[in-house]
Amino acid sequence: MKKILVINGPNLNFLGIREKNIYGNETYDDLCELIQISAKKLGCEVELYQSNHEGCLVDKIQQCYGNKDGIVINPAAYTHTSVAILDALKAVNIPAVEVHISDVDSREDFRKISYAGMYCFARVAGEGFDGYVHALKLLLEKLSLCPT
Ligand code: DQA
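All residue numbers refer to position in the chain's written sequence, counted from 1. Where local features are concerned, this predicted model is filtered to residues with pLDDT of at least 70; where side-chain atom pairs are given and counted, the filter is 80 or more; whole-chain, interface and lining totals use all residues. To obtain the side-chain values, all non-hydrogen atoms of the structure were used and water was disregarded.

A.B. asks: Residues and numbers for helix α2 (residues 28–42), please.
C.D. replies: Helix and strand assignments follow DSSP, with helices taken as H or I runs no shorter than four residues and strands as E runs no shorter than two, numbered in order from the N terminus. Working rule for helices: expected span equals 1.5 Å times residues minus one. The terminal C-alpha atoms of α2 lie 21 Å apart, and with 15 residues this matches the ideal 21 Å at 1.5 Å per residue to within 8%. Burial here depends on accessible area, computed with a 1.4 Å probe over protein chains only, as a share of the maximum for the residue type. Under 20% is buried, over 50% is exposed, and the range in between is partly exposed. Among the residues of α2, those classed as buried are Y28, L31, C32, I35, S38 and A39. An end-on view of α2 places all buried positions within 135° of arc, on one side of the element. Exposed residues on α2 whose side chains face more than 90 degrees from its buried face are D29, E33, K40 and K41. Summarising the geometry, the arc corresponds to the directions from the helix axis toward the C-beta atoms.

What follows is the structure, encoded as structure tokens:
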């Protein structure tokens, strides 16, 4: 069974509280439940991780080395700033998909740049929580093409 890390960055623990007009009413726990139910259906093993701290996200990505087959990542605000997260993804060198709940490209200009996206082989944005399920499917498709 493929082992996937789904990693979420800053303020995503405040889903259901923060900017509901953009991110919706559902909580981070609701998101985790959706992802775990979908993982079961898709036949993969998912570990979930969320942190508000850039270094913790880097540490968690590094821990994927030798332990995970792929990564689904929503780096949140660090998408647009973090070379460290980009370098961590490059360092572990396993397939990764970038996901955003909102349609980042139709928002402020500063959200148009994505450092993590320079590594990820695919990006899902603007599909709400379902985007994580879409990202998981893309990742599993890719992994089935390159079995370990
Ligand atoms: C986000 C979009 C980012 O620009 C923002 O900083 C977030 C969430 C999204 O999921 O739509 O915190 O990654």
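A.B. asks: Give me the lowdown on the side chain of D69, citing residues and values where you can.
C.D. replies: Turning to its location among the elements, D69 is positioned in the loop between α3 (54–62) and β3 (70–74). No salt bridge is formed by the buried D69; the nearest opposite charge belongs to K2, separated by 4.9 Å. Residues adjacent in sequence count toward polar contacts only when both atoms are side-chain atoms; beyond that, a polar contact is any pair of N or O atoms within 3.5 Å, and within protein one must be able to donate a hydrogen and the other to accept it. At 2.6 Å, the side chain of D69 and the backbone nitrogen of K3 are in polar contact. As used throughout, the charge tally considers Lys and Arg to be positive and Asp and Glu to be negative, leaving His and the chain termini uncounted. Between Lys or Arg on one side and Asp or Glu on the other, a salt bridge is scored when a side-chain nitrogen of the former is within 4 Å of a carboxyl oxygen of the latter.

A.B. asks: Break down the sheet that holds strand β4 (residues 96–100) for me, citing the residues and quoting the values.
C.D. replies: Within a sheet, adjacent strands bond to each other through the backbone by hydrogen bonds, running parallel or antiparallel. Any two strands are treated as partners once DSSP identifies two or more bridges connecting them. The sheet built from 5 strands is open, its strands ordered β2-β1-β3-β4-β5 with parallel pairing. Two strands bound the open sheet, and with one partner strand each, they are β2 (45–50) and β5 (122–125). Pairwise comparison of adjacent strand axes, ignoring direction, gives a mean angle of 20° for this sheet. The sheet contact formed by strand β1 (residues 3–8) and β3 spans 5 bridges and is parallel. The partner of L5 across the bridge, within β3, is I71. Running over the sheet, α3 touches β1, β2 and β3 and is turned about 175° from β1. As a rule, the C-alpha atoms of each element are fitted with a line to give its axis, helices using only the stretch in contact, and angles between N-to-C directions run from 0 to 180 degrees. Only heavy atoms matter for contacts: two residues are in contact if any of them lie within 4.5 Å across the pair.

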